[in-house]
Amino acid sequence: MKSFTYEKANSPAAAASAAANHSNAKFIAGGTNLLDLMKLEIETPAHLIDVNGLGFDKIEPTSDGGLRIGALVRNTTLAADARIRRDYGLLSRALLAGASGQLRNRATTAGNLLQRTRCPYFYDTNQPCNKRKPGSGCAAIGGVTRQHAVIGASEACIATHPSDMAIAMRALDATVQTVRPDGSTRDIPIADLHRLPGDTPHIETTLSSGELITSVTLPKPVGGTHIYRKVRDRASYAFALVSVGAIVQRDGTGRVAVGGVAHKPWRVEAAEAEMPRGAKAVTARLLEGARPTKENAFKLSLVERTLGAVLTEAKG
Amino acid sequence: MKFDTPATTNPIDQLKIIGHATSRIDGPLKATGRATYAYEWHDRAVKPAYGYIVGSAIAKGRIASMDLSRAKAAPGVIAIVTAENAGKLGKGTHNTAKLLGGPEIDHYHQAVAVVVAETFEQARAAAELVQVDYSAAKGSFDLSAGRQSAAEPPGGGVDGQPKTSVGDFAGAYEAAPVQLDATYTTPDQAHAMMEPHASMAAWDGDRLTLWTSNQMIAWTTGDVAKTLGLPKENVRVISPFIGGGFGGKLFLRADAVLAALGARAANRPVKVALQRPLMFNNTTHRPATIQRIRIGADRNGKITAIGHESWSGNLPEGRPETAVNQTRLLYAGENRMTAMRLAMLDLPEGNAMRAPGEAPGMMALEIAMDEMAERLGLDPVEFRARNDTQVDPEHPNRPFSQRQLVECMRIGAERFGWSKRNAEPGRQRDGRWLVGMGMAAAFRNNLLMKSGARVRLDRQGRVTVETDMTDIGTGSYTIIAQTAAEMMGVPLDKVVVRLGDSSFPVSAGSGGQFGANNSTSGVYAACVKLREAVTQKLGFNSADAAFADGQVSSGNRSVPLEQAASDGELVAEDSIEYGDLAKTHQQSTFGAHFVELGVDAATAEIRVRRMLAVCAAGRILNPKTARSQVIGAMTMGVGAALMEDLVVDKRAGFFVNHDLAGYEVPVHADIPHQDTIFLDETDPMSSPMKAKGIAELGICGVAAALANAIYNATGIRVRDYPITLDKLLDHMPNA
C-alpha cells in the first residue's frame, strides 16, 4: 500500500471538488473493495476522500412513485427495506446473493456499482493487465478463463463485472444521480453507467473525473414476479458463474438482465420481446455475437438453462 | 518403552477419562483470544520489526539484476535480505526447492527478498519498490504433456516401492470376463488453512528463538539449523498453537527462514507472516495426478486382476504423490500391479496434504469400484464386500491387525437408508433436483512413529506433560491430558499440557493421522515411568499399586498422590518405540462414506444433502474431538469433489487462483448434515493406547462417494475432479 492523504468530506460538492483538486484521488465509502486493492497496489490513490459523513443514507419515495436510494445506504439495509422487498424483490434477492453478511453490512449502494473485476490476472501485479496497467496486455486472454466474459469483450480485456446488485438495478431501469466538481448534477441511466472494455478497459464507467454518485433512483414498481438466480460452484460466498435477474409479468412478458457474462450488467431490451417464446429464443438474442473461450463456452447454455428455470418458476 | 508385543490390559483400559467425549481443554483460550499464535507473541519481543516477502514474478529462470535502492530509501526500512547478501544457506532435509530463491528461480512466488521495516505497512510498501529484472526460461508446467516423459521415481510408496507386481496381472486382466480400464484425474490442491505461515525470530548472539506455526517441531528445528548453518542446539522452535496446517506446515518454510535472516540483518526481532496471495505458489501443495485403473473380475464379482498406475509431477528432487498406496491393500485379487511415474515440472513444490497418497488415490479407485459394480450388476456395497480380504493381498501370511471394512459398509448402509437408492441412475427427482446416493470405502494406513514425553508431578498433585507434540486444531492437548489423567488417576483439571517447544522431548508430531496414537503412547510411556517413581517414593510395590481418585493404593494402604512429591517434584521421561508388529501385521484404518446429494436439473449445480461416515480405527480416545476431525475431513472431501482446484496457467507456470476468493473451499451452506459412527474397536497391535489414526480416514473416499452419487443422480460419470457443473451441463437431460 502506498502512502496517501485523507480527508473527510463535509458536503457533496466539496467532495467532488476535492477530487478534482487532487491528481489521483478516490472516494472511499465502505472500502470493502478499494482497501483490498490498495493493499495489493492495484489501486494507488494519493488522496482518499471519505464520503461516509455526507448523509446519503436514506431510502426515500420519489414524486413519481419510485424510491431514491442514498449512495451510502448499506447493502444490508437496502436488502432488508420493506419497500424494496415488497416492490423490488429482485434487488433484495440480488443483494442477498452477494458477498457475506459482514461485507453487506459495510458495502454501500454506490460502491457496489463501482466495484472492480475479480479477474485473477487483474489481481496479480506480476501479470500484464490492460485494466490495471493500460497498454501492458491481457494475461487472461489465452490463459485461465472459466470465469471470464463471453460477450462484449475486446482484444484488450475479457473481464466481467462482479456485482449482483447491478444486475437487478439494470433490470429495474435504475438511474444514477451524481454531482460534479463544479456543483452541477446529472442523471445517468444505469445502462449508460458501465462501459464495455473496448481498447480502454481501465475506464470502466462514464463518470467524469471527480464525479460523485449521490443516489440511485428506482422508477415506480413494475409489478411481476421477481427472481434472481445466481449459479455458482459453492452454495454461498462466491462470485456468479452466471446470474439471471428477471421480472416476469403474468402475460409472459418481462425483463431479464444477466451477470457473469460481460464487462457490465448484460441486458438486451430487444431480446425481451422473445420472452413469451421461452428461454432459448431470449438467449439467442441476448447472447447474439458471443465469443466465448473453450473454458467458458458452457456459460452460453448455462444462461439459457438458468433462464429456462427462472421462467418456469415464474409461471408458478 | 519398546512396544514389541501386543498390548495387554493396562491402566488406559479403565476408560475413566479416555474414551469419553471431552471438550477441548484449550477451548476457552481459543474462544477468548488468549491462545497465542505465531504472530502474536507481543510480550516476548519488545518492538519487533516486520518483514514482508517479495515473491518471484517468474516460474523459472534467473534474476538478471536487482535494484534495492528505492526500497532501502523508503520510510522505516531497516534491512533487505536477498540470496546475494544472506550469506551461505543450506537446504532443509524436508525441502525440495530453496526457501530463498536467486539467482536461479525454481518456481513462481519463490521468495527472492524480505524487506524489514519498523512497521508492517512500511515493509509492505517498500517491498513493492524492490526492482527485480528476470531472465525467464522455458519451463514444464503441464502434467498431461509431461506424462510421456515421466520416469520411475527413486522412492515413494508405503515402502518406497515405485512399482509392485503380484501374480500375472496382464494375463488375468486379459482373461477376465468383466473388465474396467478407466483414467481419472485429480487437480493440484492447496491446504488453504486459515492461519498463514507466520514466524517471529529473535537472536541472542548465535542462538535463535523462533516462534512459528509448525506441525513438526523436531524436523523444523533440524532444518532451521541446516539451512542457517547453526548447531541444532542453538535453535529453539516454539509453536504451541497452530491455526490449521493440513500438511502445509510440516516443514520449515520461507516465513521462518526469512524472519531469522531478517532478524540477523536488522539486529532485532522480526515477524514475518506470509501474505495470503503468496501462500498458494510460495509453499507446498498436493500435486495433480493422472491415474489409470484396470480391474478384471469374474461374473460373480470376484476381482481377479487389479492394477493402478499414477502419474504426478514435481520439481527435481521432489517425490511423487503416492496415489496407488491403498490399491495394494484394500481389495483382494490374486493378480495385481501398481506403478508410479514422476514428471519433472517447474510448478511449486508438491508435498503432503490432507492424507497424501490415499486421498487422491481413493478419489480414483472408489469411482472405479462403483463403475465395476455397475458392470457386474452388483450393489456397490456387495461388490466391495465380496472382495474383502483379512490379509495383506501381496503377502497372504500377513494379516490385518483389525479390519472391519465390511462392518462399516453394512452398518452405514443400514443407518443411511442405502436400500432406498435406485440403482438405475437419473430416476430420483425432488422438485428441481435430481437426487442421488453414493458410497465409497474409506481407507488410510496407520503409521507408527517414535514419540517421547516428559511428565512432572508437583506437590499439589498436579501432573504436567511436556512434549514437542503439536495441536494443529486437532485436540492433541485434550487427548494428552486425558491420557495423563487416566494413567496417574487424577481428574482432567489436575493435568497441565505443554506442547510445541523444541526444548521438550521429541514427539511424533502432527501429520499423516499419526499424531494421536503415537503422541499419547509416548505420554503413556512417560507416565509408566512416573508411576514407578511414585510407587518407589511411597514404598509401594509398583506392580500392584492402583492410581485412582488422586490416591495411590495397594491392599489397605492408600496415600495421596501428591505426597510422592512432598520433598520435590518427580520427573519422568520416556518414548514409545515400536518393534516389528507393523511388519507382522498390516495396520490400517477402515470406514465407509455415504452421501446423498441433489443436482439442479437446470443448472447442474451440485448440493450435498447429507453425509455419513462409519469408521473403524481402533480405540477412539475422545469421541468429541474425533468426530470433529472426521466431519472436518468429510468437508474437505466435499471440497475435493466439487470445487478445490489450483488452476495452472500453463504458459507462465503458476497457480492462477492464488487467494481465498479464487480457491474455493466449502462454506457452511455447502455442508447441511453430517453424521459419524465409530465402531467399537481396540487394536492391541497398534500401541498401548490400542488406538489408531482417525482424522485422515475421514477424507479418504469422500470425494468418490460424491462422484458416485452424482452419477446415481444424473447418469453422468465424471472422472476428472473437481466435478463442476460445466462438466455435467452438456450431458444433462433437458430441464
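Bear in mind that the values here come from a model prediction, so they are computed numbers and not experimental data. Residue numbers restart at each chain and count upward from 1, following the sequence in its written direction. Throughout, the order in which chains and ligands are written sets their labels, letters from A for the former and numbers from 1 for the latter. Predicted model: local features are reported for residues with pLDDT of at least 70 only, side-chain atom pairs are reported and counted for 80 or more only, and whole-chain, interface and lining totals are derived from all residues. Side-chain metrics in this entry use all non-hydrogen atoms of the structure; hydrogen atoms and water are not considered.

### Comments concerning the overall build of chain B
Part 1 of the argument: Secondary structure elements follow DSSP: runs of H or I of four or more residues count as helices, runs of E of two or more count as strands, with numbering from the N terminus. Looking only at helices and strands, one finds 17 helices and 32 strands in chain B.
Part 2 of the argument: With respect to the principal axes defined by its C-alpha atoms, chain B has extents near 80 × 75 × 50 Å.
Part 3 of the argument: For chain B, the share of sequence-separated contacts (at least 6 apart) that also reach a separation of at least 24 residues comes to 81%.
Part 4 of the argument: Only the protein chains shown count as cover for residues, and all accessible areas are computed by the Shrake-Rupley method using a 1.4 Å probe. Just so you have it, chain B exposes about 25,600 Å², and 48% of that area is on carbon and sulfur atoms.
Part 5 of the argument: The charged-residue count follows a simple rule in which Lys and Arg add positive charge and Asp and Glu add negative charge, with His and chain termini not counted at all. In this description, the location of a charge corresponds to atom NZ of lysine, CZ of arginine, CG of aspartate or CD of glutamate. Averaging the positions of the 76 positive and the 81 negative side-chain charges in chain B gives two centres separated by 1 Å. For this analysis, residues touch if any pair of their heavy atoms sits within 4.5 Å.

### Considerations on the interface of chain A and chain B
Part 1 of the argument: Listed as interface residues are 33 residues of chain A and, on the opposing side, 39 residues of chain B.
Part 2 of the argument: Of the roughly 2,900 Å² buried between chain A and chain B on both sides combined, carbon and sulfur atoms contribute 51%.
Part 3 of the argument: By buried area we mean how much accessible surface two parts lose on assembly, using a 1.4 Å probe and totalling the loss over both. Looking only at chain A, the three residues that lose the most surface to chain B are A:Asp233, A:Arg234 and A:Arg305, adding up to 24% of its buried area.
Part 4 of the argument: Note on definitions: salt bridges are taken to be side-chain nitrogens of Lys or Arg within 4 Å of carboxyl oxygens of Asp or Glu. Scanning the region where chain A abuts chain B turns up three salt bridges.
Part 5 of the argument: A 3.5 Å cut-off defines polar contacts: any pair of N or O atoms within that distance qualifies, except that in protein one atom must be a possible hydrogen donor and the other a possible acceptor, and neighbouring residues in sequence count only when both atoms are side-chain atoms. Run the count over chain A and chain B and you get 19 residue pairs in polar contact (both at pLDDT 80 or more).

### Looking at the packing of aromatic side chains
Part 1 of the argument: Pairing of aromatic side chains requires ring centres within 6.5 Å, counting the rings of Phe and Tyr and the six-membered ring of Trp. Pairs whose planes differ by under 30 degrees are stacked, by over 60 edge-to-face, and all others tilted. Within this structure, the stated rule accounts for 15 aromatic pairs over all chains.
Part 2 of the argument: With a centroid separation of 6.1 Å and an interplanar angle of 80°, the aromatic rings of B:Phe3 and B:Tyr578 are classed as edge-to-face. Residue B:Phe3 is located in strand 1 (residues 2-3), and its partner B:Tyr578 is located in strand 27 (residues 570-578); the two are separated by 575 residues in the primary sequence. Pair check on accessibility: B:Phe3 and B:Tyr578 agree, each one buried.
Part 3 of the argument: Joined through ring pairs, the aromatic side chains of A:Tyr121, B:Tyr108 and B:Phe654 make up one cluster.
Part 4 of the argument: Positioned above the aromatic ring of B:Trp311 is the side chain of B:Arg147, whose terminal nitrogen or guanidinium carbon lies 4.1 Å from the ring centre.
Part 5 of the argument: Against the face of B:Phe400 rests B:Arg403, its NZ or CZ located 4.8 Å from the ring centre. Per-residue accessibility, obtained with a 1.4 Å probe over protein chains only, is compared with the maximum for each type, and a residue is labelled buried under 20%, exposed over 50%, and partly exposed between these values. Whether a charge sits over a ring depends on NZ of Lys or CZ of Arg being within 6 Å of the ring centre and within 35 degrees of the ring normal.

### Describing the sheet that holds strand 26 (residues 557-560) of chain B
Hydrogen bonding along the main chain pairs the strands of a sheet, whether they run parallel or antiparallel.
All names here are of chain B.
Part 1 of the argument: Note: two strands are recorded as paired if DSSP finds a minimum of 2 bridges between them. Taken together, three strands build an open sheet; the order of strands is 24-25-26 and the sheet is antiparallel. Each of the sheet's edge strands pairs with one partner strand only, and the pair in question is strand 24 (546-548) and strand 26. Adjacent strand axes in the sheet meet at a mean angle of 25°, parallel and antiparallel pairs treated alike. In this analysis, axes come from line fits to C-alpha atoms, helices being fitted only over the stretch in contact, and the angle between any two N-to-C directions falls in the range 0 to 180 degrees.

### Some thoughts on the pattern of salt bridges
Part 1 of the argument: Inspection of the entire model under this criterion finds 67 salt bridges over all chains.
Part 2 of the argument: Where A:Arg291 meets A:Glu155, a salt bridge forms, and the shortest distance between an N and an O atom there is 3.5 Å. Here A:Arg291 is found in the loop between helix 12 (279-286) and helix 13 (298-315), whereas its partner A:Glu155 is found in the loop between helix 8 (120-123) and helix 9 (165-171), with 136 residues between them in sequence. Taken as a pair, A:Arg291 and A:Glu155 share a single burial class, namely exposed.
Part 3 of the argument: A salt bridge links B:Arg719 to B:Glu371; the shortest N-O distance between them is 2.7 Å. In this pair, B:Arg719 sits in the loop between helix 16 (702-714) and helix 17 (725-728) while B:Glu371 sits in helix 9 (residues 358-376), placing the two residues 348 residues apart along the sequence.
Part 4 of the argument: Accessibility expressed as a relative area gives 27% for B:Arg719, which makes it partly exposed.

### Examining the pairing of strand 6 (residues 111-117) of chain B
All names here are of chain B.
Part 1 of the argument: For strand 6, the tally of buried residues reaches seven of seven residues, placing the bulk of the element in the interior.
Part 2 of the argument: Relative to strand 6, strand 2 (residues 49-55) runs antiparallel, the two being bridged by six bridges. If you follow Val-54 over to strand 6, its bridge partner there is Ala-113.
Part 3 of the argument: Summarising the sheet, strand 4 (residues 77-82) and strand 6 pair through five bridges and their orientation is antiparallel.

### Details of the domain arrangement of chain B
Residues and elements named next belong to chain B.
Part 1 of the argument: Domain boundaries in chain B define domain 1 (11-35 + 449-577) and domain 2 (357-447 + 584-731).
Part 2 of the argument: Each domain's limits were defined by an automated method or a database of domain assignments. Domain 1 and domain 2 are separated by 35 Å when their C-alpha centres are compared.
Part 3 of the argument: With 28 residues of domain 1 at the interface, the matching set in domain 2 holds 26 residues.
Part 4 of the argument: Buried surface at the junction of domain 1 and domain 2, both sides included, amounts to about 2,000 Å², of which 53% is carbon and sulfur.
Part 5 of the argument: Counting every contact that joins domain 1 to domain 2 gives two salt bridges.
Part 6 of the argument: A salt bridge links Asp-13 to Lys-690; the shortest N-O distance between them is 2.8 Å.
Part 7 of the argument: The tally of links between domain 1 and domain 2 comes to 16 residue pairs in polar contact (both at pLDDT 80 or more).

### A short note on the sheet that holds strand 15 (residues 303-314) of chain B
All names here are of chain B.
Part 1 of the argument: With mixed pairing, five strands are arranged side by side in an open sheet as 8-16-15-14-9. Taken across any chain shown, the strands that pair with only one partner, and hence form the sheet edges, are strand 8 (163-166) and strand 9 (178-186). For this sheet, the mean inter-axis angle between neighbouring strands, taken without regard to orientation, is 10°.
Part 2 of the argument: Bridge count for strand 15 against strand 16 (residues 335-344) is ten bridges, and the pairing is parallel. Its bridge partner lying in strand 16, Trp-311 is registered against Arg-341.
Part 3 of the argument: Running over the sheet, helix 9 touches strand 9, strand 14 (289-297) and strand 15 and is turned about 150° from strand 9.

### As for the nonpolar core
Part 1 of the argument: By nonpolar core we mean a set of buried residues, namely Ala, Val, Leu, Ile, Met, Phe, Trp, Tyr and Cys, connected to one another through side-chain atoms within 4.5 Å. Core analysis: the largest hydrophobic core is formed by 124 residues, its most contacted members being B:Leu706 and B:Leu728.
Part 2 of the argument: Apart from residues lying up to four places away in sequence, B:Leu706 is in contact with B:Val595, B:Leu597, B:Val608, B:Met611, B:Val638, B:Ala641 and B:Leu642.
Part 3 of the argument: By size, the runner-up hydrophobic cluster in this structure holds 69 residues, among which are A:Cys157, B:Ile53, B:Leu210 and B:Leu278.

### Structural notes on the environment of B:Ala260
All names here are of chain B.
Part 1 of the argument: Topologically, Ala-260 is positioned in helix 7 (residues 254-266).
Part 2 of the argument: Ala-260 sits 55 residues away from Leu-315 along the chain, and the two C-alpha atoms are 26 Å apart.
Part 3 of the argument: Once you skip the residues sitting within four places of it in the chain, Ala-260 turns out to touch Ala-201, Trp-203, Leu-208 and Leu-228.

### Focus: the confidence of the model for chain B
Part 1 of the argument: pLDDT measures how confident the predictor is about each residue, on a scale from 0 to 100. Within chain B, residue pLDDT values average 97, and 99% of them lie at 70 or more.
Part 2 of the argument: The complex model carries a pTM of 0.98, and its ipTM stands at 0.97.

### With respect to helix 1 (residues 12-21) of chain A
Residues and elements named next belong to chain A.
Part 1 of the argument: Turning to helix 1, its buried residues are Ala-15, Ala-16, Ala-18 and Ala-19. Seen along its axis, helix 1 keeps its buried residues to an arc of 160°; they face one direction.
Part 2 of the argument: Where helix 1 is buried, its residues contact strand 1 (5-8), strand 2 (25-28), strand 3 (47-50), strand 6 (175-179) and strand 8 (212-218). Directions from the helix axis toward the C-beta atoms define the arc.

### Topic: the packing of helix 15 (residues 623-642) of chain B against helix 16 of chain B
Residue and element names in this part refer to chain B.
Part 1 of the argument: Across the interface, helix 15 lies against helix 16 with an axial gap of 7 Å and an inter-helix angle of 55°. Considering the angle they form, helix 15 stands oblique to helix 16. For helix 15 against helix 16, the interelement crossing comes out right-handed. Across from Met-634, Gly-637, Val-638, Ala-640, Ala-641 and Leu-642 in helix 15, the residues of helix 16 making contact are Val-702, Ala-703, Leu-706 and Ile-710.
Part 2 of the argument: Grouping the amino acids of the contact of helix 15 with helix 16 by side-chain chemistry returns nine nonpolar, one polar and no charged. Oblique is the label for any angle not under 35 degrees, not over 145, and not in the 65 to 115 range, which are roughly parallel, roughly antiparallel and roughly perpendicular in turn. The crossing is said to be left-handed when, going from far helix to near helix, the turn is anticlockwise and less than a right angle, and right-handed when the turn is clockwise. Only Asp, Glu, Lys and Arg are considered charged, only Ala, Val, Leu, Ile, Met, Phe, Trp, Tyr, Cys and Pro nonpolar, and every remaining residue, Gly among them, polar.

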